[in-house]
Amino acid sequence: MRQVDFEHGPVGRNMVQSALPMLVAQLFALLYNIVDRIFLGRIPGEGTMALAGVGLCFPLVILTIGFANLFGTGGAPLFSIALGAKDRESAKHIQTTAFLLLSGAALVITVVGLLFSRPFLLLFGASEATLPYALPYLRIYLLGTFFSMVVTGMNPFINAQGYTGFGMLTVSIGALLNVALDPVFIFALHLGTSGAAIATVISQFVSAVLVLWYLRRRCELRLTVHRPRDFATVAKNITSLGTAGFIMAVTNALVTLSCNSVLSRFGGDLYVSIMTILASVRQFVDVPALAVSEGTSPVMSYNYGAERPGNVRKAIRLMTIANLTYTLAIWLFILWKPQWFIGIFTNDKTILADAIPALHLYFFAFIGQGLQYCGQTTFKALNKKRQAIFFSLFRKAIIVIPLTYLLPHLFGLGTDGVFMAEPVSNVVGGTACFVTMMLTVWRELGRAEKRQREAAGHPE
């Protein structure tokens, strides 16, 4: 696989070479999450309840991804910064420590999740009608926790070394396998939600094997599994930086839990199904923005470690233009063709009347999400822990969750109030995150760039 040259390649080209494979990888990774819902929503006579059941599992699924991000997005930027500073020994320790932390977390999540899966689902708002669909899906899905976390948490270390093509391949193969297995287990073998979970676990196993094989055998800095001497210090640094991504996942899980709880009270199981569709659309349209952000992250981290502030500023500028252009375009497309997005996940015509206005409300001012991605990615890539953690909490925990419970009681908004909480957070939270990044990081980089020009005898 061709390696991206972070040391000598132009910033724009490096971003494209990183982002394009990540875009493909993210699209295929999305298949892991949404293909189950696409097929389950088409089970004759049971599709709506199956969607609701799987939607109730989202908080634990998101939490699993959160722990993977804690060590993956926490370790990979530090890994890239060390590579940029030519400190290969530190980079190797960071990679090994992240894997050991991830493995331990996967074991705990699997055991706790299996022991308390039923109480968790009842807490998440499961009813007697949806529990038979949710419980088997969750229990089987949890058996693949380690595989899922390896794919999500260790692939960033492949990408950080410039092997984005193989990072794309590991996810793509598993996702295509999931697409092939889902109809077999769901329809041919009549296993329903259990079949969807079995297909997902098998696919994640294959992807995880590929990730570990490449890290152990083919990467420039290969993964070792022995405990480094400075394990505690490195673990602290990884978790400190990764806390932002972890908090984002935890708050997303809490938002999902809150939305399902309030919607089941105000609208019943039908609106839990609608929320599952909206969350699925959200995952779908987030992919290009995530790919641009994650493709830019190693470029920023490497150049920051190599003390090239001008390159970091250029990467931020290009990322911002790309993300804002995309989020504006997708917002307008959703306003124009909402039924197209809903139709991906269900062919039940009776749900359209309620789902279309919900989709319009939920995605109003989606461009604010682009601002959030740009600010948050910059903070994480440059190891700005406090800012990254604060803005992860601010948008979801401080804005969305309280509004989810408050707005339905105001002015008779009901279920509309739940869907309105998201756009409010996009505008307020996204703007605050981006403006803070520009007033702090952007200016800091500008001052560093000016000092370098003056030291070289070129003040302008």
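Note: the structure precedes this text.
Let me begin by describing the structure that accompanies this report. (Residues numbered from 1 in each chain as written. Predicted model: local features only at pLDDT ≥ 70, side-chain atom pairs only at ≥ 80, totals over all residues. Heavy atoms only, no water.)

On to the overall build of the protein chain, then. Each helix and strand in the protein chain was counted, giving 17 helices and zero strands. Its C-alpha radius of gyration of 22 Å places the protein chain within 12% of the 23 Å reference for a compact globule of 460 residues. On the principal axes, the C-alpha backbone points of the protein chain span a range of 70 × 50 × 35 Å. A burial count over the protein chain gives 56% of its 460 residues as buried. Long-range pairs, those at least 24 residues apart, make up 82% of the contacts in the protein chain with a sequence separation of at least 6. A total accessible area of about 18200 Å² is found for the protein chain, and carbon and sulfur atoms account for 66% of it. (Helix = DSSP H or I, 4+ residues; strand = E, 2+ residues; numbered from the N terminus. Rg over C-alpha atoms; globule rule 2.2 N^0.38 Å. Buried < 20%, exposed > 50% of the residue type's maximum accessible area, 1.4 Å probe, protein only. Contact = heavy atoms within 4.5 Å. Areas by Shrake-Rupley, 256 points an atom, 1.4 Å probe, with all protein chains shown as cover.)

Now for the pattern of salt bridges. Going through the model one piece at a time under the given rule, you end up with six salt bridges. The closest approach of N and O atoms between Glu-449 and Arg-313, which form a salt bridge, is 3.1 Å. Residue Glu-449 is located in helix 17 (residues 415-455), and its partner Arg-313 is located in helix 12 (residues 309-336); the two are separated by 136 residues in the primary sequence. Accessibility expressed as a relative area gives 22% for Glu-449, which makes it partly exposed. A salt bridge links Glu-444 to Lys-384; its shortest N-O distance comes to 3.0 Å. One end of the pair, Glu-444, is in helix 17; the other, Lys-384, is in the loop between helix 15 (367-381) and helix 16 (385-406), and 60 residues separate them in sequence. (Salt bridge = Lys/Arg side-chain N within 4 Å of Asp/Glu carboxyl O.)

With that settled, the discussion passes to empty space enclosed by the protein. In this structure the tally under the stated criterion is two cavities of 30 Å³ or more. The volume enclosed by the second largest cavity comes to roughly 30 Å³. Counting residues per element, the lining of the second largest cavity draws most heavily on helix 16, at four residues. Among the residues making up the lining of the second largest cavity, the classes are represented as two nonpolar, two polar and two charged. (1 Å grid on protein atoms, 1.4 Å probe; cavity = no way out; pocket = protein on both sides within 12 Å on 5 of 7 lines; lining within 4 Å. Points joined across faces, edges and corners; volume = space filled by probe spheres on them. Nonpolar A, V, L, I, M, F, W, Y, C, P; charged D, E, K, R; others polar.)

Axis separation between helix 11 (residues 269-305) and helix 17 bottoms out at 13 Å; the angle between their running directions is 5 degrees. It follows that helix 11 is roughly parallel to helix 17 by the angle criterion. Taken together, the residues of helix 17 that come into contact with helix 11 (itself represented by Tyr-271, Ile-274, Met-275, Leu-278, Arg-282 and Tyr-304) are Thr-415, Phe-419, Glu-422, Asn-426, Glu-444 and Leu-445. Taken together, the residues of the contact of helix 11 with helix 17 sort by class into seven nonpolar, two polar and three charged. (Axes fitted to C-alpha atoms, helices over the stretch in contact; angles between N-to-C directions. Parallel < 35°, antiparallel > 145°, perpendicular 65-115°, else oblique.)

Before going further, it helps to spend a moment on the state of the cysteines. On inspection of all chains with the given rule, the structure shows zero disulfides. Of the cysteine sulfurs around Cys-259, a residue in no disulfide, the closest is that of Cys-57, at 16 Å. (Disulfide = S-S within 2.5 Å.)

Another aspect to go through is the packing of aromatic side chains. With the rule as written, the count across this model stands at 20 aromatic pairs. Here Phe-333 and Trp-336 contribute two aromatic rings whose centre-to-centre distance is 5.7 Å and whose plane-to-plane angle is 50 degrees, an arrangement assigned as tilted. Remark: Trp-336 and Phe-333 occur in helix 12; sequence separation between them is three residues, near one turn of the helix. Accessibility expressed as a relative area gives 60% for Trp-336, which makes it exposed. Members of the aromatic cluster, each reached through a chain of ring pairs, are Phe-99, Phe-146, Phe-147 and Phe-205. (Phe/Tyr/Trp six-rings, centres within 6.5 Å; stacked < 30°, edge-to-face > 60°.)

A word on the nonpolar core. In this structure, Phe-71, Phe-79, Ile-94, Leu-121, Met-154, Ile-158 and Leu-215 are the most contacted members of the largest nonpolar core, which totals 72 residues. Apart from the residues within four sequence positions on either side, Leu-215 is in contact with Gln-95, Met-154, Phe-157, Ile-158, Gln-161, Leu-221, Arg-222 and Leu-223. In this structure, Val-312, Met-319, Ala-355 and Cys-433 belong to the second largest nonpolar core, which totals 55 residues. (Core = buried A, V, L, I, M, F, W, Y, C linked by side-chain atoms within 4.5 Å.)

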